Amino acid sequence: MIGVYREFEGCMRLAGHVLRRLPALALPPVAEALTRQIYFTGASATAGIVLRGAFIGTFIIAYVIDVLEADAALAVKILVWVVLREMGPLIAAVLVIQRSGTAITTELALMQISGEVASLRQMRIDPRDYLVVPRVVGVALSTAALTVYVQVIAVGGGMLLSSLTIDASLGELTGEFFALASPVDFVYAVIKSFLFGAAIALVCCYHGLHPPGTSINAVPKAAINGVTQSTLLVLLLNVVFAYLVFGQAFFGLVTAKL
Amino acid sequence: MSSVEPAAQGDAGPAGTASARDVALGYEPPAGRGERRVWIPLGGSHSAGTLSEFQRKRLLGAVLEVKPEPETRLVLLGVDVDGLRPAGRAALRDRIAFLPADGGLLSNLNAWENIVLPIGFHQPGQLPGVAAQVGALLEGLGADPRDLLAKLPERMTPYEKKLTGYVRIALENPDLVLAEEPQGGLDSAERAAAARFAAMYLERRPGGTFVQLEVARER
């Protein structure tokens, strides 16, 4: 329990440092690290992540339509509520954890164990400025961008699939979609996924910089800690966000009494 | 280049009472811990002698954090650290550079990126003029900048790693350089080249102090 509290406190301190030191992004080495992180998380992985996200989103819609024998209105409700608001950000976050979260934790843990973090201190460079700030900002921006891609393709794919499986044309579904979806849905999803990305990077950076040992065995342990805790944090944030913004969580199973 | 002098200077006076004024690096550990006293005068090139790994860790920790262990006296660049406020310690730290035995490079950056990393942080305005200085320093030490600068540390020889680390600290023009085993693990030709690190530093920084540390590795 004390360990959990320490890790939580450590992540919160790291978050405070990132907020305070955002101006460090103007320094050339930090700006370069930010560009690399955005390229790694948001650009080089785009095709794979978006395709996987779109497949998952489309299959969810296909199954739900089949099980519920949905009509056009219900199919579009599922698209907006499930894919746009919830699954889009969640799918992007899970895929970012899989790819970038593991990479960040492993890289930083190796740097810590091999003495490279100490080298930064010897150069009078705060490792958090150089290693954490650009990763948190880069992963947050990239996750938000990936979410938009996943949403567009998953919603587009879902509507296409729906038009083939239920008695409604693509134009009819599109009309229903734009009638039901509001800018709030989109802004909500983008802000949420930005926070998901920041949380993933913070937790993974924290575990990378605090590996549970000084031998090479500590690296996979740090990676496991980073991945499991960032996944839990993302799910927790998702519930909190849904409850705060729409007054309900778990797709309506928990409802706010306002 | 000044001659390399022994680590313990006889003119320093008794431990704990010696004047700090002309001292670049003074380290007086408490008695009974098995550590040697290190007393290096300001200016020139000196050797701190061979330290145990334990003392190396203590000494470097104290110097690089400008914060000695309790009961340990630390003098840096003529200043007794004990009486300094945090801002004074930070200002002092900015005048000191450390060259680790392996160059202290980051493995995911190539030689050029490693070299300009601290400049980019501490003096970003100087970045535009750095390329010419780096080229001159590398050529002066017999290396081909076109060959070295794009290399990642994993593809460098031990000498290239030390050279890259040396160029990185030379650009910062520190008043005190602590170089750990600058000639350790090198062949004779490379040792000769690495022996010029101190002379080149003193050419660029007259009045500076270059201190070599040797470490007795435990087997």
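Right above here is the structure, for reference.
The rules behind these values
Residues numbered from 1 in each chain as written. Chains lettered and ligands numbered in written order. Predicted model: local features only at pLDDT ≥ 70, side-chain atom pairs only at ≥ 80, totals over all residues. Helix = DSSP H or I, 4+ residues; strand = E, 2+ residues; numbered from the N terminus. Rg over C-alpha atoms; globule rule 2.2 N^0.38 Å. Buried ≥ 20, exposed ≤ 12 C-beta atoms within 10 Å, placed from the backbone. Contact = placed C-beta atoms within 7 Å. Pairing = 2+ DSSP bridges. Expected span 1.5 Å × (residues − 1). Axes fitted to C-alpha atoms, helices over the stretch in contact; angles between N-to-C directions. Arc of directions from axis to C-beta. Core = buried A, V, L, I, M, F, W, Y, C linked by C-beta atoms within 7 Å. Left-handed = near helix turned anticlockwise from the far one by under 90°. Nonpolar A, V, L, I, M, F, W, Y, C, P; charged D, E, K, R; others polar.

Peer 1: Help me understand the overall build of chain B, please; the structure alone is not making it clear to me.
Peer 2: When helices and strands are tallied, chain B shows eight helices and eight strands. Taking 219 residues into account, the globule formula puts the C-alpha radius of gyration at 17 Å, and chain B, at 17 Å, falls close to it. Projected onto the principal axes, the alpha-carbon positions of chain B cover approximately 50 × 40 × 30 Å. Among the 219 residues that make up chain B, the fraction classed as buried is 40%.

Peer 1: Would you mind showing me how to read the overall build of chain A here?
Peer 2: Summing up its helical and strand segments, chain A has nine helices and two strands in all. Starting at the N terminus, the α and β elements of chain A follow one another as α-α-α-α-α-α-α-α-α-β-β. In terms of C-alpha radius of gyration, chain A reaches 20 Å, essentially the compact-globule figure of 18 Å for 258 residues. The C-alpha extent of chain A, read off along each of the three principal axes, is 65 × 40 × 35 Å. A buried classification covers 45% of the 258 residues belonging to chain A. Partitioning the contacts of chain A with sequence separation of at least 6, the portion at a separation of at least 24 is 82%.

Peer 1: Even after reading the chapter, I still don't get the sheet that holds strand 4 (residues 73-76) of chain B, so can you show me in this structure?
Peer 2: Note on sheets: strands pair through backbone hydrogen bonds, and any given pair is parallel or antiparallel. All names here are of chain B. The sheet built from four strands is open, its strands ordered 2-1-4-5 with antiparallel pairing. What marks the edges here is a single partner per strand, and that holds for strand 2 (38-41) and strand 5 (79-80). In terms of strand pairing, strand 1 (residues 23-28) meets strand 2 through four bridges, oriented antiparallel. The residue of strand 2 that forms the bridge with Val23 is Pro41.

Peer 1: What should I look at first to understand helix 8 (residues 183-209) of chain A in this one?
Peer 2: Two residues of an α-helix separated by three or four positions point the same way, owing to the 3.6 residues in each turn. Compared with an ideal rise of 1.5 Å per residue, which puts 27 residues at 39 Å, helix 8 of chain A spans 39 Å between its outermost C-alpha atoms and is within 8% of the ideal. With respect to burial, helix 8 of chain A is a largely interior element, 20 of its 27 residues being buried.

Peer 1: Just checking my understanding: could you explain the interface of chain A and chain B for this structure?
Peer 2: Think of interface size as the accessible area that goes away when the parts come together; that is how it is often given. Taken together, the nine residues of chain A in the interface contact 15 residues of chain B. Contributions of two or more residues to the side of chain A that touches chain B are made by helix 2 (28-43) and helix 5 (116-122) of chain A.

Peer 1: Help me understand the sheet that holds strand 7 (residues 176-180) of chain B, please; the structure alone is not making it clear to me.
Peer 2: Residues and elements named next belong to chain B. Read from one edge of the open sheet, four strands run 3-8-7-6, paired in parallel fashion. Taken across any chain shown, the strands that pair with only one partner, and hence form the sheet edges, are strand 3 (44-52) and strand 6 (96-99). Adjacent strand axes in the sheet meet at a mean angle of 20° when their direction is disregarded. Pairing of strand 3 with strand 8 (residues 209-216), which is carried by seven bridges, proceeds in the parallel orientation.

Peer 1: It is not clear to me how helix 7 (residues 170-180) of chain A should be interpreted in this structure. Could you clarify?
Peer 2: Residues and elements named next belong to chain A. Turning to helix 7, its buried residues are Leu173, Glu176 and Phe177. Mapping the buried residues of helix 7 onto a view down its axis gives an arc of 100°, with all of them on the same face. Residues Gly171, Phe178 and Ala179 are exposed on helix 7 and point more than 90 degrees away from its buried face. If you follow the buried residues of helix 7, they end up packed against helix 4 (72-114) and helix 6 (127-165).

Peer 1: For this particular structure, what's the right way to read the nonpolar core?
Peer 2: Within soluble globular proteins, side chains that are nonpolar tend to cluster in buried spots. Grouped together as the largest cluster of nonpolar side chains are 121 residues, with contacts concentrated most on Val136, Ile200 and Cys205 of chain A together with Val211 of chain B. Top contributing element to this core by residue count: helix 4 of chain A, with 19 residues.

Peer 1: When you look at the environment of Glu113 of chain B in this model, what are you seeing that I'm missing?
Peer 2: Among the secondary structure elements, Glu113 of chain B is positioned in helix 3 (residues 111-122). Residues Glu113 of chain B and Pro100 of chain B, 13 residues apart in the sequence, show an inter-C-alpha distance of 17 Å.

Peer 1: I'm lost on the pairing of strand 7 of chain B in this one. Help?
Peer 2: A regular strand carries its side chains on alternate faces of the sheet. All names here are of chain B. The buried fraction of strand 7 amounts to five of the five residues, a majority that puts the element mostly inside the structure. Side chains Leu176, Leu178 and Glu180 of strand 7 all project onto a buried face; the interleaved residues Val177 and Ala179 project onto the opposite face, where all are buried too. Sheet topology note: the strand 7/strand 8 ladder contains five bridges and is parallel. Bridge assignment links Ala179 to a residue of strand 8, and that residue is Gln212.

Peer 1: What's the story with the environment of Ile56 of chain A in this structure? I'm lost.
Peer 2: Residue position: Ile56 of chain A is located in helix 3 (residues 46-68). Placed 39 residues apart in sequence, Ile56 of chain A and His17 of chain A show a C-alpha to C-alpha distance of 36 Å.

Peer 1: Whenever I open this one, the packing of helix 2 of chain A against helix 6 of chain A confuses me. Can you help?
Peer 2: A pair of packed helices is characterised by two quantities: the angle between their axes and the separation of those axes. Residue and element names in this part refer to chain A. Packing of helix 2 against helix 6 brings their axes to within 8 Å, and their N-to-C directions diverge by 35°. Crossing geometry of helix 2 relative to helix 6 is assigned as right-handed. Where helix 2 approaches helix 6, its residues Pro29, Val30, Ala33, Leu34, Gln37, Ile38, Thr41 and Gly42 are matched on the opposing element by Asp129, Tyr130, Val133, Pro134, Arg135, Val137, Gly138, Val139, Leu141, Ser142, Ala145 and Leu146. Partitioning the contact of helix 2 with helix 6 into residue classes produces 13 nonpolar, five polar and two charged.

Peer 1: Looking at this structure, how should I read unusual backbone geometry?
Peer 2: With the exception of glycine, the majority of residues adopt a negative phi angle, and the majority of peptide bonds are in the trans configuration. The backbone of Arg124 of chain A sits at a positive phi, close to 65°, despite the residue not being glycine. Here Arg124 of chain A shows up in the loop between helix 5 and helix 6. Given 17 C-beta atoms within 10 Å, Arg124 of chain A falls into the partly exposed group. Positive phi is not limited to glycine here, since Val66 of chain B has a value of about 50°.

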